[in-house]
Amino acid sequence: MDLYMMNCELLATCSALGYLEGDTYHKEPDCLESVKDLIRYLRHEDETRDVRQQLGAAQILQSDLLPILTQHRQDKPLFDAVIRLMVNLTQPALLCFGSVPKEPSLGHHFLQVLTYLQAYKEAFASEKAFGVLSETLYELLQLGWEERQEEDNLLIERILLLVRNILHVPADLDQEKKIDDDASVHDQLLWAIHLSGLDDLLLFLASSPAEQQWSLHVLEIVSLMFRDQNPEQLAGVGQGRLAQERSTDVAELEVLRQREMTEKKTRALQRGNRHSRFGGSYIVQGLKSIGERDLVFHKGLHNLRNYSSDLGKQPRRVPKRRQAARELSTQRRSALNVRLFLRDFCSEFLENCYNRLMGSVKDHLLREKAQQHDETYYMWALAFFMAFNRAASFQPALVSETLSVRTFHFIEQNLTNYYEMMLTDRKEAASWARRMHLALKAYQELLATVNEMDVSPDEAVRESSRIIKNNIFYVMEYRELFLTLFRKFDERCQPRSFLRDLVETTHLFLKMLERFCRSRGNLVVQNKRKKRKKKKKVLDQAIASGNVPRSPGELEAVWPALAEQLQCYAQDPELSVDSMVPFDAASEVPVEEQRAEAMVRIQDCLLAGQAPQALTLLRSAREVWPEGDVFGSQDISPEEEIQLLKQILSAPLPRQEGQEEQGTEEEEEEDEEEELQVVQVSEKEFNFLDYLKRFACSTVVRAYVGLLRSYQRNSAHTNHCVVKMLHRLAHDLKMEALLFQLSVFCIFNRLLSDPAAGAYKELVTFAKYILGKFFALAAVNQKAFVELLFWKNTAVVREMTEGYGSLDGGSSSRRAPTWSPEEEAHLRELYLAHKDVEGQDVVDVILAHLNSASRTRKQIIQHLVRLGLPDSVKDFQRKGTRIVLWTEDQELELQRLFEEFQDSDDVLSNIMKNITAKRSRARIVDKLLALGLVAERRELYKKRRKKLAPSSLPNGEESLKDFSQGDLEEEEHLPEEESDEDEEKGQGSEAEQVQGSSFLSTENLGQSLHQEGFSAPLLWLQNCLIRVANDREEDGCSQAVPLVPLTEENEEAMENKQFQQLLCKLGIRPPASEQETFWRIPAKLSSTQLRRVAASLSQPEEEKKLQPELESKVPGEQGPNEEHRKEHRAQALKALLSARKKKAGLASSEEEETPGGSEQLKAAPKKRQLLDSDEEQEEDEGRNRAPGIQKKKRFQIEDEDEND
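Note that the structure is a prediction, hence the values are computed from the model and not measured.

Undergrad: Explain the overall build of the protein to me, please; I cannot follow it from the model alone.
TA: When you go through the protein residue by residue, the secondary structure sums to 56 helices and 11 strands. Expressed as a percentage of the 1204 residues in the protein, the buried residues total 44%. Residue pairs at least 24 apart in sequence account for 74% of intrachain contacts in the protein once pairs closer than 6 positions are excluded.

Have a look at this one:
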């Protein structure tokens, strides 16, 4: 669609607004509805902003909206609608498009919208339009807050937004072509604001405490008013030209005159006696052309000086992403009357509004009431008005709101944030660089104001300056800020003006710091250092804390003091449980499995004498692991807590080993340590020269040289700042060689040959000083000419001046000693002799036979690879790892050791202790499986026995020991690759658990379920077990069988918690995942075990009936062991009856110790298992342990060696 051809609907709507006859505008009856329709059209415009462009091309704002605004102000609904439409039409193009479009088509539309905005700005440059706005705003501000309606606040905000939008439109320099002291469109707009009195209303809004909600709007408008102004020049308006300004102008004119005279002399010398066509051709000896011949020069000799091999060549195109950033901000001198108005406005603003407005804006920023990036207006106002105050009549009281350490911190924080975002957000790096430039200007002005306070005649002002400088120079971040900005300076994102301000700010900071150090004598500053410390992943906590387990006598001597402390802290209600966490959330071990470690931590606290920490840790652990009351019950009394802590103190808790075995994989050994960075804050005495050495690096020098390259365009102050820093590095630090670079010498050559070199006396003096130092060094070091091609660091500078190789003496201990030919021959001989020997590390053998003790393993490996003997470093392995190849003798030895220790409790450990070639557990297990000596890994698990005999440990210490060992010993003795298989073998362990302890645990549960009315479900469960046992005898194979309840009564029983507890005790597996619904009888339960479990579910009167059935259901059990099996069943039934009598209180103490119970336990398998019995907690309450503490009985199978 052609945007210049207006849409018919838009045309009809605009025609219904009205018409202009002379200077009078006649509105149509549907004018208000037409304005609302235009607002609606703008709301639904496309991405090209077609409606906005058509309205701009039709000049609706100039021909209709402005006349309606000025002539029909009394029609309030129409006036409000016109203001809304104007705010929408004049909003910045960046807000319309989101950003500057990169596509050419959208870029064209963007520029077209910008052109219409500039036309709107020119139309608003009249006193009449701003007079109406100021009158309306004045009437609204006369209303008190209780009289002001919501519509009034909206109209105030829209008027401020309209003024903001008009002032925000950038100037069209190509169209205006205005020079300094001439009134541009922006100046005309400012003058219209002044004549309308709107500037006074802005001052009122900024100073009134009741109008703080408009503070950010006012600050934004003020910043746009002073967009192109220089605060120093603005402060001197109307005071006549100062002598310094006149001398500066005279110097500039003198430079121009000298250059003009030199150019005239050069042109006079270039005129030949004959016509140029008879100039002839010359051969330049010593200068080669494209071929091997000398260059032929076809011009006059006077042009030979300007000859270059690049003449006539196409200049190399620089990619857009590598081009230097362009300057976006321009400064111009407005008309005199406008500058006078702005100067008076600044003075009134500083006296009446600055402190209050800046405080309000800072509060909005900190409370996040402002929009994104609104802090840039705050930083601009800080830099501009503080500079104006410093240049006009310096009064620190007028800017006291922003003259504090908090303001320094706020600016530094934003500057650092912009710097980090510029490095990370590369697409918007230019925008972040502009914001960073604003922050740097604000930081520079803060330093300049503090520096000005030093020479104030008021003692209080000087003291305030000293306090601020003391805080600024003490903190490390303020000192490191400039180094960081120099090292990350990027000319592609940051313009040359940023580098200029950075150099000037650094110069001011160093000057203030140097003066402060001289006045103080010695200065103590903050120092932060990142320290790398290595932390073991698995630590022996007892050794790490220095708490080595002590003898019982020592523990008894320590306990009274601990008990006294515990009694004091146990009654303290302020003892916080949240202060200590009993588990490690970052550990790979699940929280449920960290109970043993928590118990060890409690014991360590007690051994270290930290009673309150131990008590807090105990209570925290009780909340994390309430099951089983291992750490005490929830209603435990303080006395019982103290008694429990005494048991923990004297319990022999097993502890984890500090390191894993060296036979594991090489990657595990490398991952044992991890590096942590800890920031250490300390204080040190400040040395200015040491701080100055931080600037002695190539990145900083290159930035300064880059600014020095444009010395002709720089101001005298900028050139002074550059030369002063380079002089500090060259003279004060004695590092002249940092500037021995070809690009620097090219600048010096251009400077010395400049006709106006007399105006740059400081630069010329410094250039001659550097060149003299270089030629003096080149007389003794001929390589200095080659060093001109490179930028240098301090180490290279030292080598250039003190001699090459001078650094080797200081760091000889760090470098590896050289290998002599004899040592290389000896190394080669040792490697060839021992490389094929199995069971030993060739590098260890070489280390043992080498005469030099300074060689390390790494140096030997690297030199062997350099000699070409092995293929790579990977051929060498650490001790005892990755020995994959097995010789025939080693296989026979492994087979002999397996047959020897096959019947022992821990086959794998015994083999590892006695095998000759040390290997890891995983390698030995894999080899045993490969040789067919074992069928599966579980056959190599460590065997343990149950132990039911009463423990000799007093007060229930057995529970603590069993509890800890049950969690820790399994982790210690199992290989890592077997841990996953333990979960798969869980069904088999359940079967063994049922065989050993179901008679003691299920009887009580079954009886209680019978009493609660679950007799029918129990009978159904018993029949299912017997039926599965019969099927497994007939088929000869077994698989997991689900328990499917078909009746409602059985379904309710399967959902009962106590019934589910019984199923767990019987070894029946719950649903393993969401895909399973029913409980299952594991495949590992044999038919005999199933019948025994079924027998345990019978009522006492049914035992006699069930006994013959059990005997008749085992027809296959014939042979010499039949009598033993019958005796075993009789003992099991006897133990069952004894347990029931004990529950009913009929059994005597002699019956509790019948040998049948111990024999039944001895008959249990020796597999690793851990069985919990909730019912037996009640039985153990009367035994010797802390009162009120229930403990979970654990049957744990110990090694036969330990029983012996």
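Undergrad: Even after reading the chapter, I still don't get the pairing of strand β3 (residues 282-288), so can you show me in this structure?
TA: In this sheet, strand β4 (residues 294-297) lies alongside β3 in antiparallel orientation, the contact comprising 4 bridges. The residue of β4 that forms the bridge with K288 is D294. In this structure, the hairpin formed by β3 and β4 is closed by a connection of 5 residues.

Undergrad: I tried to follow the packing of aromatic side chains on my own but got confused; where do I start?
TA: Describing an aromatic ring pair means giving the distance of the ring centres and the angle of the ring planes. Counting across every chain of the model gives 32 aromatic pairs. Note on F486 and Y704: the rings are 5.1 Å apart at their centroids and 25° apart in plane angle, and the pair reads as stacked. Linking F486 in helix α22 (residues 476-487) with Y704 in helix α31 (residues 698-708), this pair joins segments that are 218 residues apart in sequence. Comparing F486 with Y704, the two get one shared label, buried. Joined through ring pairs, the aromatic side chains of F226, F341, F345, F349, Y354, W380, F384 and F385 make up one cluster. In this structure, R435 is placed above the aromatic ring of W432, and the distance from its NZ or CZ to the ring centre is 4.6 Å.

Undergrad: Any chance you could explain the packing of helix α4 (residues 60-71) against helix α5 (residues 76-89) here in plain terms?
TA: Geometrically, a packed helix pair is captured by the angle between its two axes and the distance between the axes. For the pair α4 and α5, interaxial distance at closest approach is 9 Å and the crossing angle is 140°. Between α4 and α5, the crossing angle belongs to the class labelled oblique. Along this stretch, α4 crosses α5, giving a crossing that reads as left-handed. Of the residues in α5, those in contact with L61, L65, L66, I68 and L69 of α4 are L78, F79, V82, I83, L85, M86 and L89.

Undergrad: Quick question: what am I supposed to make of the environment of R390 here?
TA: Among the secondary structure elements, R390 is positioned in helix α18 (residues 375-391). Assessed through its relative accessible area of 24%, R390 is described here as partly exposed. Expressed as a C-alpha distance, the spacing of R390 and E452, which sit 62 residues apart in the sequence, is 7.6 Å. In this view, R390 contacts E232, E445, A448, T449 and E452; residues no more than four positions away in its chain are not counted.

Undergrad: Help me understand the nonpolar core, please; the structure alone is not making it clear to me.
TA: Soluble, globular proteins show a tendency: their nonpolar side chains are buried together. Counting residues in each nonpolar core, the largest one holds 195 residues, and the members touching the most others are F124, F226, F385 and F695. Grouped together as the second largest cluster of nonpolar side chains are 29 residues, W559, L562, L566 and I648 included.

Undergrad: Teacher, can you tell me more about the side chain of E445 here?
TA: Mapped onto the secondary structure, E445 falls in helix α20 (residues 429-453). For E445, the residues in contact, after removing those within four places along its chain, are L382, A383, M386, A387 and R390.

Undergrad: Any chance you could explain the packing of helix α41 (residues 888-900) against helix α43 (residues 921-931) here in plain terms?
TA: For the pair α41 and α43, the least separation of the axes is 11 Å and the interaxial angle reads 90°. As summarised for this structure, α41 and α43 are arranged roughly perpendicular, according to the angle between their axes. In contact with E891, L894 and F898 of α41, α43 contributes I924, K927, L928 and L931. Classifying every residue of the contact of α41 with α43 by side-chain character gives 5 nonpolar, no polar and 2 charged.

Undergrad: Before we go on, may I ask you to explain a positive patch on the surface in this structure?
TA: Among the surface-exposed residues, K102, K320, R326 and K427 lie close enough to one another that they form a single positively charged patch. If you trace the backbone, R326 turns up in the loop between β4 and α16 (336-352). For R326, a relative accessible area of 71% gives the class exposed.

Rules used in this analysis
Residues numbered from 1 in each chain as written. Predicted model: local features only at pLDDT ≥ 70, side-chain atom pairs only at ≥ 80, totals over all residues. Heavy atoms only, no water. Helix = DSSP H or I, 4+ residues; strand = E, 2+ residues; numbered from the N terminus. Buried < 20%, exposed > 50% of the residue type's maximum accessible area, 1.4 Å probe, protein only. Contact = heavy atoms within 4.5 Å. Pairing = 2+ DSSP bridges. Phe/Tyr/Trp six-rings, centres within 6.5 Å; stacked < 30°, edge-to-face > 60°. Lys NZ or Arg CZ within 6 Å of the ring centre and 35° of its normal. Axes fitted to C-alpha atoms, helices over the stretch in contact; angles between N-to-C directions. Parallel < 35°, antiparallel > 145°, perpendicular 65-115°, else oblique. Left-handed = near helix turned anticlockwise from the far one by under 90°. Core = buried A, V, L, I, M, F, W, Y, C linked by side-chain atoms within 4.5 Å. Nonpolar A, V, L, I, M, F, W, Y, C, P; charged D, E, K, R; others polar. Patch = residues over 30% accessible without salt bridge, like charges linked within 9 Å, V, L, I, M, F, W, Y side chains within 5 Å. Areas by Shrake-Rupley, 256 points an atom, 1.4 Å probe, with all protein chains shown as cover. Salt bridge = Lys/Arg side-chain N within 4 Å of Asp/Glu carboxyl O. Lys, Arg positive; Asp, Glu negative; His and termini not counted. Charge placed at Lys NZ, Arg CZ, Asp CG, Glu CD.

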